[in-house]
Every structure is written in structure tokens, then in C-alpha cells.
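Residues per chain, in single letters:
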Amino acid sequence: KQEVTQIPAALSVPEGENLVLNCSFTDSAIYNLQWFRQDPGKGLTSLLLIQSSQREQTSGRLNASLDKSSGRSTLYIAASQPGDSATYLCAVRVAGNQFYFGTGTSLTVIP
Amino acid sequence: DAGVTQSPTHLIKTRGQHVTLRCSPISGHKSVSWYQQVLGQGPQFIFQYYEKEERGRGNFPDRFSARQFPNYSSELNVNALLLGDSALYLCASSFRAPNYGYTFGSGTRLTVV
């Protein structure tokens, strides 16, 4: 069974700092990996989608990388802002069109 | 274009009752999936439906059931509610092909008392 782990569970940084969130998965047989943002009590907002054949995707200040063979992905956030404070979830899509999620990293950006 | 819409946004039920949650996918998306997110955890897969047929089921008891309608909207039903069913229930829609990502709705917050 696929297991997804996110480290760290919580992170607090001062505004303007660059940061990296980590995601690891146990089975490399994935179709793609998606990073989501979740504000407290809200649904999931898609940030980046990386196909299994890709190495990275970029959107604005966000860059996500994927190393499928080692079962790892990172989400890089440049020049963090207080509005980036949220929980960040990674999820891998596997056969059967099921997503396996990590438990998330709770990010706080201090003004 | 409207995103994934879920209703209701919040509801409170008593143990033993039944609940129905509703989801309308993005126009053109024929695949709908349901996830349960308990506070502090990542979402857990419950069901996936495509073209009105169940295509995947997670590790949930038979008290949980779902269906998809001809317009691709979906309902999640939970019978004999337990306190542990309190959670945020998320609906996601997608194109069927696995190289597409999921778009999630805002969820239904269910509280069982």
C-alpha cells in the first residue's frame, strides 16, 4: 500500500525567507503528484501538478520537483509572505484513480 | 466556469441518523471522488465514480455508500452515524485519464453529536 509522508509537520519562518517542504512516497508506480494548499476549515486548492515523466513544475514563487525513482518531491516557496500561511498537502495518484495524501505541513509565515 | 460545488457546507447530526452529501463536478468532468478528512489528518479515499459506476472504494464500512447521476453529480450517503464520522467530506472531480489532476470542492463539515 502506498504511504505518503510529509516533513516537517509544522514550520514557522520569518517573512521573506525561502523554504522547502518535503514529501516522500513508498511506491514509485504513480501517475502524477499534486501539491495542494488548505486554509483552516476549507477545501483544497491545487498548486502544482507534476506528471510522473516530469522533473519539475513552476508557478510564480512556487517550484515543485519530483524524483520518482527515489520516491521524493519537494515544494520550494520563494520569498515567503504571511498570506502563504496554510497547510500544504502532497498527494500521489495511483492506478484506480485514487489519491494518497500525506498528513500535511502546517506553515506559518511571521510578518 | 463554476468549480466543484458541495452542499451543504455544514451540518450537525445525531448519532444513529442518516446523512446525504451532494457534489456537482466541473462541467466536462465525468469522474467524481469522495474523501474524508478528519481534523489534523490528510484526506482518506472513500469512493470514486465514473460514468455512474463505482470504480474504486477505500477502506470504509458498508454504512458509507454513494452514487453518480446521469448529469455526473454525486451523492455520498452515510447511515447509522457514529461520533467518529465527524469530519470534513471533500468531493473532487477530474477527467478520467490518469494524467489529469483533481479539483476539489470546499467540502461539507459534518458534526455528529
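Check the entry above for the structure.
Not measured: the values here are computed from a predicted model.

### With respect to unusual backbone geometry
Going from Ile7 of chain A to Pro8 of chain A, the amide bond is cis rather than trans, its omega being 0°. A cis geometry characterises the amide bond from Ser7 of chain B onward to Pro8 of chain B, with omega recorded as -10°. For Pro8 of chain B, the position within the fold is in the loop between β1 (5-7) and β2 (10-13). Unusually for a residue other than glycine, Tyr72 of chain B sits at a positive phi of about 75°. Tracing the sequence through the fold places Tyr72 of chain B in the loop between β7 (64-68) and β8 (74-78). Notably, Ala80 of chain B is not glycine yet its phi reads approximately 45°, a positive angle.

### A look at the state of the cysteines
Residue and element names in this part refer to chain A. What the rule picks out here adds up to two disulfides over all chains. Each sulfur in the disulfide pair Cys23 and Cys90 lies 2.0 Å from the other. Between Cys23 and Cys90 the disulfide shows an S-S torsion of about 75°. By sign, it is right-handed. Of this pair, Cys23 sits in strand β3 (residues 19-25) while Cys90 sits in strand β9 (residues 86-94); the two residues are 67 residues apart in sequence, bridging distant segments of the chain. For the pair Cys23 and Cys90, one class covers both residues: buried.

### Here's the deal with the packing of aromatic side chains
According to the stated counting rule, one finds 13 aromatic pairs over all chains in the structure shown. Look at Phe36 of chain A and Phe99 of chain A: their rings are 6.2 Å apart centre to centre, the planes differ by 90°, and that puts the pair in the edge-to-face class. Residue Phe36 of chain A is found in strand β4 (residues 32-38), and its partner Phe99 of chain A is found in strand β10 (residues 98-101); the two are separated by 63 residues along the sequence. Neither residue differs from the other here; Phe36 of chain A and Phe99 of chain A are each classed as buried. Where Tyr102 of chain B meets Phe104 of chain B, the ring centres are 6.3 Å apart and the plane angle is 45°; that geometry is what we call tilted. Like Tyr102 of chain B, the residue Phe104 of chain B is buried in the burial classification.

### Describing the interface of chain A and chain B
Contact residues are listed per partner, giving 21 residues for chain A and 24 residues for chain B. Between the two partners, chain A and chain B, sit zero salt bridges. Along the contact surface separating chain A from chain B lie six residue pairs in polar contact (both at pLDDT 80 or more). Broken down by secondary-structure element, the contributors of at least two residues to the side of chain A that touches chain B are β4, β5 (44-51), β9 and β10 of chain A.

### Regarding the pattern of salt bridges
Throughout the structure, instances matching the rule amount to eight salt bridges over all chains. For Arg37 of chain A, the salt bridge identified is with Asp39 of chain A, shortest N-O distance 3.0 Å. By relative accessible area, Arg37 of chain A is classed as buried at 18%. Residues Arg61 of chain A and Asp84 of chain A are paired through a salt bridge, measuring 2.8 Å at the closest nitrogen-oxygen approach. In this pair, Arg61 of chain A is assigned in the loop between β6 (56-59) and β7 (62-67) and Asp84 of chain A in the loop between β8 (72-77) and β9, connecting sequence segments 23 residues apart. The exposure class assigned to Arg61 of chain A is partly exposed, which follows from its relative accessible area of 29%. Ionic contacts of the salt-bridge type, sharing partners, join the residues Arg22, Arg67 and Glu75 of chain B into one network.

### Brief notes about the sheet that holds β3 of chain A
Residue and element names in this part refer to chain A. With antiparallel pairing, the five strands of this open sheet are ordered in space as β1-β3-β8-β7-β6. If you trace the sheet from one side to the other, it starts and ends with β1 (4-7) and β6, each paired once. Pairwise comparison of adjacent strand axes, ignoring direction, gives a mean angle of 15° for this sheet.

### Examining the pairing of strand β5 (residues 44-50) of chain B
Residues and elements named next belong to chain B. β5 sits mainly inside the fold: six of its seven residues count as buried. Pairing between strand β4 (residues 31-37) and β5: six bridges, direction antiparallel. The partner of Ser31 across the bridge, within β5, is Tyr50. Linking β4 to β5, which pair antiparallel, is a turn of six residues; within it Gly40 sits at a positive phi near 85°. Relative to strand β6 (residues 53-57), β5 runs antiparallel, the two sharing four bridges.

Conventions we followed
- Residues numbered from 1 in each chain as written.
- Chains lettered and ligands numbered in written order.
- Predicted model: local features only at pLDDT ≥ 70, side-chain atom pairs only at ≥ 80, totals over all residues.
- Heavy atoms only, no water.
- Helix = DSSP H or I, 4+ residues; strand = E, 2+ residues; numbered from the N terminus.
- Disulfide = S-S within 2.5 Å.
- Buried < 20%, exposed > 50% of the residue type's maximum accessible area, 1.4 Å probe, protein only.
- Phe/Tyr/Trp six-rings, centres within 6.5 Å; stacked < 30°, edge-to-face > 60°.
- Contact = heavy atoms within 4.5 Å.
- Salt bridge = Lys/Arg side-chain N within 4 Å of Asp/Glu carboxyl O.
- Polar contact = N/O pair within 3.5 Å; in protein donor to acceptor, adjacent residues only side chain to side chain.
- Pairing = 2+ DSSP bridges.
- Axes fitted to C-alpha atoms, helices over the stretch in contact; angles between N-to-C directions.

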